[in-house]
Amino acid sequence: MLKHFRPAIILFLIFTVLTGVVYPALVTGLAQLLFPNQANGSLMAGVNGNTTGSRLIGQPFNSPGYFWGRPSATSPFPYNAGASSGSNLGPTNPALLDAVKTRVIALQAADPDNKTAVPVDLVTASGSGLDPHISPAAAEYQISRVVQARHLSAEKIRELVATHTEPRQWGMFGESRVNVLTLNLALDTLH
Amino acid sequence: MTSNSFFQVGLYLFTLLALVKPLGWYMARVYEGEPVGLNRILLPLEALVYRLAGVDLKQEMRWTEYAITMLVFNLLGFLAVFALQSLQAYLPLNPQKLPAVSPDSSFNTAVSFITNTNWQAYSGEVTMSYLTQMLGLTVQNFVSAAAGMATLVALMRGFTRRKANIIGNFWVDMTRSTLYILMPLSLVLALVLVGQGVVQTFKPYQTVPLLEAVSYQQPKLCEDGVVLQDANGKPVMETVQANEQVIAVGPAASQVAIKQLGTNGGGFFNVNSSHPLENPTPLSNFLEMLAILLIPAALCYTFGVMVGDARQGWTVLAAMGLVLVALILVEVSAEQGGNPALATLGVDQSANEAQSGGNTEGKETRFGITNSALWAVVTTAASNGSVNAMHDSFSPIGGLVPMWLMQLGEVIFGGVGSGLYGMIMFAIVAVFVSGLMIGRTPEYLGKKIEAFEMKMAAITILIPPLMVLGGSAIAVMVEFGKAAVFNPGAHGFSEILYAFSSAGNNNGSAFGGLSANTPFYNAILGVAMLFSRYWLAVPVLAIAGSLAAKKTIPVGPGTLPTHTPLFVMLLIGTVLMVGALTFIPALALGPMVEQLHLLGVGSVKG
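Below is a summary of the structure that appears in this document. This one's a predicted model, so the numbers in the text were calculated from it and none came from an experiment. (Residues numbered from 1 in each chain as written. Chains lettered and ligands numbered in written order. Predicted model: local features only at pLDDT ≥ 70, side-chain atom pairs only at ≥ 80, totals over all residues. Heavy atoms only, no water.)

### Concerning the pairing of strand E2 (residues 51-54) of chain A
All names here are of chain A. Strand direction decides the pairing type here: strand E1 (residues 43-45) and E2, joined by 3 bridges, are antiparallel. Residue leucine 43 lies in a different strand from E2, and its bridge partner there is serine 54. Linkage of E1 to E2, two consecutive antiparallel strands, is achieved through a turn of 5 residues, within which glycine 49 is found at a positive phi near 90°. (Pairing = 2+ DSSP bridges. Helix = DSSP H or I, 4+ residues; strand = E, 2+ residues; numbered from the N terminus.)

Now the structure itself:
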């Protein structure tokens, strides 16, 4: 058995260097060269040059003038991108039903005249707790509330939602979706 | 299921199938030492590796030697990963100044990564330094996958050799798997993933302003850092405001690529591939999902080529594929069905062009129901275990399917190498059982199957259920086991059963509610992972040695053909029979009871 240790130790060191140093360093070098923005977190620059967030990471919103994103289960506050987490609530857990009920009530209270059913993604927590998107249905549901809070025309807001709606990628992959953070950033520039 | 669901599932399966033959052919050439396109660059590197290590390329090993070298190599990996976690506070590339990982968690993680399981009791972005992720975890993602592939190749040689006592050189098989197969594929995939938005940087975590500040409650601390308590012993809460968001980043893409290709599955971040910086777009999702099954599927073709009859490989692939497709249909339907308990709350769960609907708790909007459910099946069919949605929040049937796929022994594709050698064990049992039925001596691929092979095959098939059921039984009997449960009722039992199904079959996915980062679970799940990896790999190598020593018998009138639709059915039957008979009682106590509760039979009580 001892005679196997020498090649084992040397090969282990070689593979550690190849796959643990050379490979990640090579990927990092090429990534920083080819896709510097994506490789560093897809951060967005605002008008005056400072960062306004990542287009891939959602942020918490709860005032009526903003579109709200998916509920987030991260702690200690929602959309904590330093500690991603889902709720892990099971389908029969009473805590899940209570949470959904509370969210439905909050949405309805913020827009009492809206009697349509609430799109399910708007009242259920995302897997990462950082989901930047909501479904187009969830955006449509919130338009009347945002219109009232901002005193803007519904057409204008609907148009803005449409420009922030991504279709299925290449027309086939995944689902169509609305980026909540970029939509809200754009809302703030409307007058 | 919607028409788009069928389209996306169909596109996935078609693309996978189209890649089986080219990659399978390429891998066969690599293992047979024939020239492939990458030789020009890699051959000198390969030669240098052997020269440095003093390995003689031509010197082949007996099965015992092959097994010992594999075990020694894995032992070194364990020590390195354990040491890196314990010492990371003193080592470079730790921009967040993360402290040493606890000994029990380090043990569990080291075992988890050398066994190709990637069960993660820890949470990546708050536990592991960049150095530990790269030098410890990424390295093991490569070499544990390569070790599985090497073991498979040794088994294939067992079938093709006659009266031989050697089955190849472990160092050569492992080096070739890494250099020619895993590294080039990972490099390409990692770069494409970065293009989609997966991070790859050594910068510290990024801080960005929040557009709208958020206030939250947290326990108030005294000046000395102790939590302030009121008269009743409860912590005093204070309201604080967050104006900023800290975004965890790191060298993720390089690790994500190999975690998928090597059926490892360990996420860079806590929530694995549901994290937008680990799996940012539907396209990245498609590619990661493709990478999960790519090598396990293509190895079936490699197997056919190497045993000299491509039909044998297609037969095994057909058996795997049929089970996969059937369970995808069940899974997508179950999740698209939504949660009946929410129906009365004024929530719209229907699927239409404006929303994917269904059971969206724990799922990401960009993936929707179809890609979350498809991923869950694919990742548990393979022993990958990465997730893009939280399995704990799946519907009862939606949680049962992944759990059962693991319990089948990770042979429906399974791990790279390990899945196919597991399936070949079932094929050996299938020819034995049918040999008994038709009164002939069982043989497979020209080799007589005798008592020794049957004993070894029986061990490989029985060890995982022993780990799963024995481990779950212990956990539900002791306080340490029950205290970790998060969801009440039958679902709580499912959390425990899922954990042992995952560790006991080297998958690595979890019902994440279970607080598994405790000394009890770290130890018992670690032991389950060790047994399920090595008590399978070593008997498989024993069979390889035993088969190689036998003469090859020509196909006769009494030979049961093993390349026919009939044999596909026999193979599926054997796998499902063992899986069903062993696990239905346990599944009945978890997901099945929960499904009945959800349908309103009986009441849900904590």
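### Considerations on the interface of chain B and chain A
It is common to give the size of an interface as the accessible area that goes away when the parts come together. Listed as interface residues are 116 residues of chain B and, on the opposing side, 105 residues of chain A. Surface buried jointly by chain B and chain A totals about 9000 Å² across both partners, of which 67% is contributed by carbon and sulfur atoms. Three residues, B:Leu211, B:Glu212 and B:Thr365, lead the burial of chain B against chain A; their summed loss comes to 8% of the area buried on that side. Here chain B and chain A share 2 salt bridges between them. The shortest N-O distance in the salt bridge between A:Asp131 and B:Arg366 comes to 3.9 Å. In this structure, the connection of chain B to chain A is made through 47 residue pairs in polar contact (both at pLDDT 80 or more). Per-element accounting of the side of chain B that touches chain A gives the leading share, 13 residues, to helix H7 (residues 170-196) of chain B. Broken down by class, the residue content of the side of chain B that touches chain A amounts to 62 nonpolar, 41 polar and 13 charged. Relative to strand E3 (residues 347-348) of chain B, strand E3 (residues 118-119) of chain A is paired through 2 bridges, and the arrangement is parallel. The residue bridging A:Pro119 from the neighbouring strand is B:Asp348, located in E3(B). (Contact = heavy atoms within 4.5 Å. Buried area = accessible area lost by both parts, 1.4 Å probe. Salt bridge = Lys/Arg side-chain N within 4 Å of Asp/Glu carboxyl O. Polar contact = N/O pair within 3.5 Å; in protein donor to acceptor, adjacent residues only side chain to side chain. Nonpolar A, V, L, I, M, F, W, Y, C, P; charged D, E, K, R; others polar.)

### Description of the packing of helix H10 (residues 310-336) of chain B against helix H18 (residues 565-598) of chain B
For any two helices packed against each other, one specifies the inter-axial angle together with the distance between the axes. All names here are of chain B. Their axes nearest at 9 Å, the elements H10 and H18 cross at an angle of 55°. Accordingly, the angle class assigned to the pair H10 and H18 is oblique. Crossing geometry of H10 relative to H18 is assigned as right-handed. Facing H10, whose interface residues are Thr315, Val316, Ala318, Ala319, Leu322 and Val323, H18 presents Phe567, Val568, Met569, Leu571 and Ile572. Across the contact of H10 with H18, the residue classes break down as 10 nonpolar, 1 polar and no charged. (Axes fitted to C-alpha atoms, helices over the stretch in contact; angles between N-to-C directions. Parallel < 35°, antiparallel > 145°, perpendicular 65-115°, else oblique. Left-handed = near helix turned anticlockwise from the far one by under 90°.)

### Description of the nonpolar core
In this structure, B:Met27, B:Phe170, B:Ile412 and B:Tyr444 are the most contacted members of the largest nonpolar core, which totals 167 residues. Counting residues per element, this core draws most heavily on helix H9 (residues 282-306) of chain B, at 16 residues. The two domains that each donate at least three residues to this core are domain 1 (1-40) and domain 2 (42-189) of chain A. Apart from the residues lying within four places of it in its own chain, the contact partners of B:Ile412 are B:Met320, B:Val323, B:Leu324, B:Ala381, B:Ala382, B:Leu405 and B:Val575. Counting 35 residues, the second-largest nonpolar core is a separate cluster that includes A:Val123, A:Ile143, A:Val180 and B:Leu342. (Core = buried A, V, L, I, M, F, W, Y, C linked by side-chain atoms within 4.5 Å. Buried < 20%, exposed > 50% of the residue type's maximum accessible area, 1.4 Å probe, protein only. Domains from an automatic or database assignment.)

Just distances and angles here, no functional claims.
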